[in-house]
Amino acid sequence: MSARPVRRPTERAALAAVCRSPRRLPPVPALMAALLDANERRDREGATLAAHRVVRAAAPEVGE
């Protein structure tokens, strides 16, 4: 019985696969609510992420 190596995708292949798959963003009002919630909780990373997702959802050509 010979052991065959298990092939795993490389980081480059995984990133390429993610880039090919379309991902739908939540509606802008839901993202704005997340942004307000992050601001209330003083979560800077969450606020930054929510703000970027709002821009991407409102103007899809920006992310291209």
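What you see is a predicted model, and the numbers here were worked out from it, not measured in a lab.

*Asks:* Got a minute to help me understand the overall build of the protein in this structure?
*Replies:* Scanning the protein from N- to C-terminus turns up three helices and zero strands. Taken across its 64 residues, the protein has 11% of its residues classed as buried.

*Asks:* Even after reading the chapter, I still don't get helix H2 (residues 28-40), so can you show me in this structure?
*Replies:* Counting along an α-helix, one turn takes 3.6 residues, and residues three or four places apart therefore face a common direction. A rise of 1.5 Å per residue sets the reference length of H2, with its 13 residues, at 18 Å; its end C-alpha atoms lie 18 Å apart and thus fit the reference within 8%. Those residues of H2 that sit buried are Leu31, Leu35 and Ala38. Mapping the buried residues of H2 onto a view down its axis gives an arc of 65 degrees, with all of them on the same face. What points out from H2, more than 90 degrees from its buried face, is the exposed set Pro29, Leu36 and Glu40. Tucked inside the fold, the buried residues of H2 contact helix H3 (44-58). Phi turns positive, to about 60 degrees, at Arg42, one or two residues after H2.

*Asks:* Help me understand unusual backbone geometry in this model?
*Replies:* Excluding glycine, a negative phi dihedral is what most residues carry, and trans is how most peptide bonds are arranged. Even without a glycine there, the phi angle at Arg42 is positive, about 60 degrees. Considering the arrangement of structural elements, one finds Arg42 in the loop between H2 and H3. For Arg42, a relative accessible area of 76% puts it in the exposed group.

Calculation rules
Numbering of residues begins from 1 in every chain and follows the order in which that chain's sequence is written. Since the coordinates come from a predicted model, pLDDT governs what is reported: local features require at least 70, and pairs of side-chain atoms require 80 or more to be given and counted, while whole-chain, interface and lining totals use all residues. The side-chain figures draw on all heavy atoms in the structure; neither hydrogens nor water molecules are used. Helix numbers and strand numbers start at the N terminus; a helix is a DSSP run of H or I with at least 4 residues, a strand a run of E with at least 2. Each residue's exposure class comes from its accessible area (1.4 Å probe, protein chains only) as a fraction of the maximum for that residue type: buried when under 20%, exposed when over 50%, partly exposed otherwise. Expected span of a helix: the number of residues minus one, times 1.5 Å. Directions drawn from the helix axis to the C-beta atoms are what define this arc. Between two residues, a contact is recorded if the distance between any of their heavy atoms is within 4.5 Å.

Read these as layout, nothing more, since geometry by itself doesn't imply function.
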